[in-house]
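Now for the letters of each chain:
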Amino acid sequence: MTAILEVKQVNKSFGSVTAAHDINVSVKQSERLGLIGTNGAGKTTFVNIVTGYVKPDSGTILLQDRDITGHAPRSLTREGVCRSFQVPQLFLTLTTAQNLAVALGIANGRAYSPYATIDAEMEQAIDNLLERFRLADYREQIISELPGGVRKLIDIAVAVTRKPKILLLDEPTSGVAAEQKFALMDIVMSALDNDVTVLFVEHDMDIVSRYAQRVLAFYDGRIIADDVPKAVLENEIVRTHITGTAG
Amino acid sequence: MSSPSVISFVAALTLVMLAVLGKVLPGWCVFLLVTAFAKGLAALGLVLIIRSGLLSFGQGLFYCAGGYGAGLLMLWGGVNDAMLLVLAGGFVSLVLGAVIAPLLAGYRSIFFATLTLALSMLAHGALTKADFLGGSDGLNLRPPSFLGFQPASSAEAVYSLYLFACVLVVACALACKVHFNSVRGLLSLAVRDNEIRVEYLGSSVKRVISENFTAAAFLGGIGGALNAIAVAHIDPELAFWTTSGEFVFVAILSGYLSVSAVFAASIMLEFIRSFSSQYFPNAWQMSLGIFMLASILFLPNGIGGLLQRRKKRLEGSKIA
């Protein structure tokens, strides 16, 4: 199977700090990748580079063999590279349904007509999304009044309105109560189409073990391990620098 | 209560009520309403900008451009029809707004506000020095006609102008109300809330801001043209910062949630100013200041917020 995303020799520094050093990754379609590493290891920088928030100093990023290096976030989103954020990025004064309406409106072009209202078809699409992400109870609630875990789900639901080819989730379970993390990930993974490629940043190794097919371990801006979860989590260097479980 | 057909019905009913009201009220009061409507239109434009999270201190520029556009078409082009003059005023401001908007769309907060103010003051300065446009004295205009009808008496002229202003206001308010309820209207609020997410949904924040700014310019131009034919005079003061300040005042008092609140706020301001300048000629600015302080303290979301709270309470009691 050909790669949907290829990151080749990407480097990025912020002053004297190297956030990405010679990063090479090839991701196949519908793969589920977990990105692990300590704080400052370069995981979020990697996500930010792929999604256009940060431009790399050097290197190339290919999406289905097309060079997308340095493209702006909105053009990458239109190409099918979508993301959620560690701190959910939502429209705080709007309701859940209105957040989804804006997202769907941008995706289908209704948001560019000055008088296109939320029609029955869009209402149906909103309801479908709410159903898929188990958010129906929060339909008419203002985002600023919702708990963090619900906001995380809405952030991801908003991101998938574009029908992404690649979805990058930055710490989808951070700030969520330990007992709710698996439930949240179950909802997310079951809500996504099977052909969507998912890359998620995660600190909880149990989550990584269960939901990732492959794991990239970051340390000091480098990828120090790239393999199936079991192999990476048993890797001595990973155990020393990331999980802290070295014997 | 917000489907387009219901909104259209309410608009038609409002128009009829306003027409009847114009017959009942004294002439000075009717004229005051026309000037309040003109300023309300410009303030409505400002509200469009505020909905995307920005504040313009230069809405007077488009008010002035609309006034001069209409006035010069009357004086140089020999056009007397109020509708054509107002449309011309709106068009001039629309073009000016469309040229400026992309340059301003990259700025935020105080930088955006002061840049709009600077452009407005530049126009004021240029008009003051332009003798062929009347310089600081401005130009006097003729009374307009209304779709071929030329009023015979001054009372008829005031009422005709009032009716014309009512049609204009209701049409613009209707368009804005439907727009506020549209997906595009929500997108403006989304930009106000979170620009990053709007970009990460595939939309351009600059485009949204540019479009809102241009639409605001059009409304400012229509308001300026209406004001010009109402007072039969245009001068550079229309672009002065105090004129823009009045629109900001109206926008703050009304809030950004309701279209009708904008005109309510504009009428309130016009009446307060009129009565204050009559009864406290040396202290009317102070009464305006007190009024503004009170509105910020007691109506932080403006009259629109108050209306929305009432509406929600009403809906809540219906459900209960």
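Each value, and the rule that gives it
- Residues numbered from 1 in each chain as written.
- Chains lettered and ligands numbered in written order.
- Predicted model: local features only at pLDDT ≥ 70, side-chain atom pairs only at ≥ 80, totals over all residues.
- Heavy atoms only, no water.
- Helix = DSSP H or I, 4+ residues; strand = E, 2+ residues; numbered from the N terminus.
- Rg over C-alpha atoms; globule rule 2.2 N^0.38 Å.
- Buried < 20%, exposed > 50% of the residue type's maximum accessible area, 1.4 Å probe, protein only.
- Contact = heavy atoms within 4.5 Å.
- Areas by Shrake-Rupley, 256 points an atom, 1.4 Å probe, with all protein chains shown as cover.
- Lys, Arg positive; Asp, Glu negative; His and termini not counted.
- Charge placed at Lys NZ, Arg CZ, Asp CG, Glu CD.
- Pairing = 2+ DSSP bridges.
- Axes fitted to C-alpha atoms, helices over the stretch in contact; angles between N-to-C directions.
- Salt bridge = Lys/Arg side-chain N within 4 Å of Asp/Glu carboxyl O.
- Phe/Tyr/Trp six-rings, centres within 6.5 Å; stacked < 30°, edge-to-face > 60°.
- Domains from an automatic or database assignment.
- Buried area = accessible area lost by both parts, 1.4 Å probe.
- Nonpolar A, V, L, I, M, F, W, Y, C, P; charged D, E, K, R; others polar.
- Polar contact = N/O pair within 3.5 Å; in protein donor to acceptor, adjacent residues only side chain to side chain.
- Expected span 1.5 Å × (residues − 1).
- Parallel < 35°, antiparallel > 145°, perpendicular 65-115°, else oblique.
- Left-handed = near helix turned anticlockwise from the far one by under 90°.

A word on the overall build of chain B. Counting its secondary structure elements, chain B contains 13 helices and two strands. Against the compact-globule benchmark of 20 Å for 320 residues, chain B has a radius of gyration of 19 Å, which places it among compact chains. Taking the principal axes of the C-alpha coordinates as reference, chain B spans close to 55 × 45 × 40 Å. Counting across all 320 residues of chain B, residues that qualify as buried make up 53%. Counted over contacts in chain B with a minimum sequence separation of 6, partners at least 24 positions apart contribute 81%.

All right, on to the overall build of chain A then. When helices and strands are counted, chain A shows nine helices and ten strands. By its C-alpha atoms, chain A is 55 × 40 × 40 Å across when sized along the principal axes. Taking all 247 residues of chain A together, 51% fall into the buried category. Within chain A, contacts between residues at least 6 apart in sequence are counted, and of these 64% link residues at least 24 apart. A total accessible area of about 10700 Å² is found for chain A, and carbon and sulfur atoms account for 47% of it. Distance between charge centres in chain A, computed from 25 positive and 30 negative side chains, equals 4 Å.

Turning our eyes to something else, we now look at the pairing of strand 1 (residues 3-14) of chain A. All names here are of chain A. Bridging between strand 1 and strand 2 (residues 17-28) involves eight bridges; their strand directions are antiparallel. Bridging across to strand 2, V10 finds its partner in I23. Between strand 1 and strand 2, which follow one another and run antiparallel, lie two residues, and G15 among them has a positive phi close to 65°. The pairing of strand 1 with strand 4 (residues 58-63) spans five bridges and is classified as antiparallel. Bridge pairing links L5 to L63 in strand 4.

Another aspect to go through is the sheet that holds strand 8 (residues 197-201) of chain A. All names here are of chain A. The six strands are arranged 6-7-8-3-9-10 in an open sheet whose pairing can be described as mixed. The open sheet has two edge strands, strand 6 (81-84) and strand 10 (222-227), and neither has a second partner. Strand after strand, the sheet turns through a mean of 20° between neighbouring axes, direction not considered. Where strand 3 (residues 32-37) lies against strand 8, four bridges are found, and the strand directions are parallel. When the sheet's bridge partners are listed, L33 is paired in strand 8 with L199. Relative to the sheet, helix 1 (residues 43-50) contacts strand 3, strand 6, strand 7 (166-170), strand 8 and strand 9 (214-219), its axis offset from that of strand 3 by approximately 135°.

Should the charged atoms of two oppositely charged side chains come close, the side chains can pair. All names here are of chain A. Across all of its chains, the model carries 19 salt bridges over all chains by this definition. One salt bridge connects R214 with D226, and the closest N-O pair in it is separated by 2.8 Å. Separated by twelve residues along the polypeptide, R214 in strand 9 and D226 in strand 10 bring together distant segments of the chain. Under the relative-accessibility criterion, D226 is labelled partly exposed at 37%.

Another point: the packing of aromatic side chains. Aromatic ring pairs are reported here in terms of the distance separating the ring centres and the angle at which the planes meet. All names here are of chain B. Per the counting criterion, the structure on display carries 17 aromatic pairs over all chains. Pairing F112 with F213 gives two aromatic rings, centres 5.9 Å apart and planes at 85°, and the pair type is edge-to-face. With a gap of 101 residues between them, F112 in helix 5 (residues 109-129) and F213 in helix 9 (residues 205-231) connect regions that are remote in the sequence. We classify F213 as buried; its relative accessible area is 3%. Both rings, one in F240 and one in W241, keep their centres 6.0 Å apart while their planes meet at 45°; by these two values the pair is tilted.

Let us now look at the domain arrangement of chain A. All names here are of chain A. By domain assignment, chain A separates into domain 1 (1-80 + 163-247) and domain 2 (90-161). On a C-alpha basis, the centroid separation for the pair domain 1 and domain 2 is 26 Å. Taken residue by residue, the interface counts 14 residues in domain 1 and ten residues in domain 2. For the pairing of domain 1 and domain 2, the buried interface totals around 1100 Å² over both sides, and the portion due to carbon and sulfur atoms is 68%. At the boundary of domain 1 and domain 2, one finds zero salt bridges. Listed by contribution, the elements that provide at least two residues to the side of domain 1 that touches domain 2 are strand 7 and helix 6 (178-191). Considering each element in turn, the side of domain 1 that touches domain 2 owes the most residues, four residues, to helix 6. A class-by-class count of the residues in the side of domain 1 that touches domain 2 yields ten nonpolar, one polar and three charged.

To continue, consider the side chain of S258 of chain B. Residues and elements named next belong to chain B. Its location among the elements puts S258 in the loop between helix 10 (241-254) and helix 11 (259-279). A polar atom in the side chain of S258 sits 3.2 Å from the side chain of S260. Polar contacts involving the side chain of S258 include one to the main-chain amide nitrogen of A261, which spans 3.1 Å. Those residues in contact with S258, other than ones at most four positions away along the chain, are G304 and L307.

Turning our eyes to something else, we now look at helix 6 of chain A. Residues and elements named next belong to chain A. In this model helix 6 runs 21 Å from its N-terminal to its C-terminal C-alpha over 14 residues, within 8% of the 20 Å that 1.5 Å per residue would give. Along helix 6, the residues classified as buried are K181, L184, M185, I187, V188, M189 and A191. Considering only its buried residues, helix 6 is in contact with strand 3, helix 4 (120-132), helix 5 (148-159), strand 7, strand 8 and helix 7 (205-211).

Residue and element names in this part refer to chain B. Contact pair helix 2 (residues 27-50) / helix 6 (residues 154-180): the axes reach a minimum separation of 10 Å and the direction vectors enclose 25°. As summarised for this structure, helix 2 and helix 6 are arranged roughly parallel, according to the angle between their axes. Crossing of helix 2 over helix 6 shows left-handed handedness. Of the residues in helix 6, those in contact with G27, V30, F31, L33, V34, F37, L41, L44, V47 and L48 of helix 2 are V158, L161, Y162, A165, C166, L168, V169, C172, A173, C176, H179 and F180. When the residues that make up the contact of helix 2 with helix 6 are grouped by side-chain class, the tally is 20 nonpolar, two polar and no charged.

Our next topic: the interface of chain A and chain B. Taken together, the contacts link 37 residues of chain A with 23 residues of chain B. Counting the surface lost from both chain A and chain B, the interface buries some 2700 Å², and carbon and sulfur atoms represent 64% of this. Interface area lost by chain A to chain B is led by R74, F91 and Y112 of chain A, which between them contribute 22%. Here chain A is connected to chain B by two salt bridges. Taking the shortest distance from any N to any O, the salt bridge between E199 of chain B and R74 of chain A comes out at 2.8 Å.

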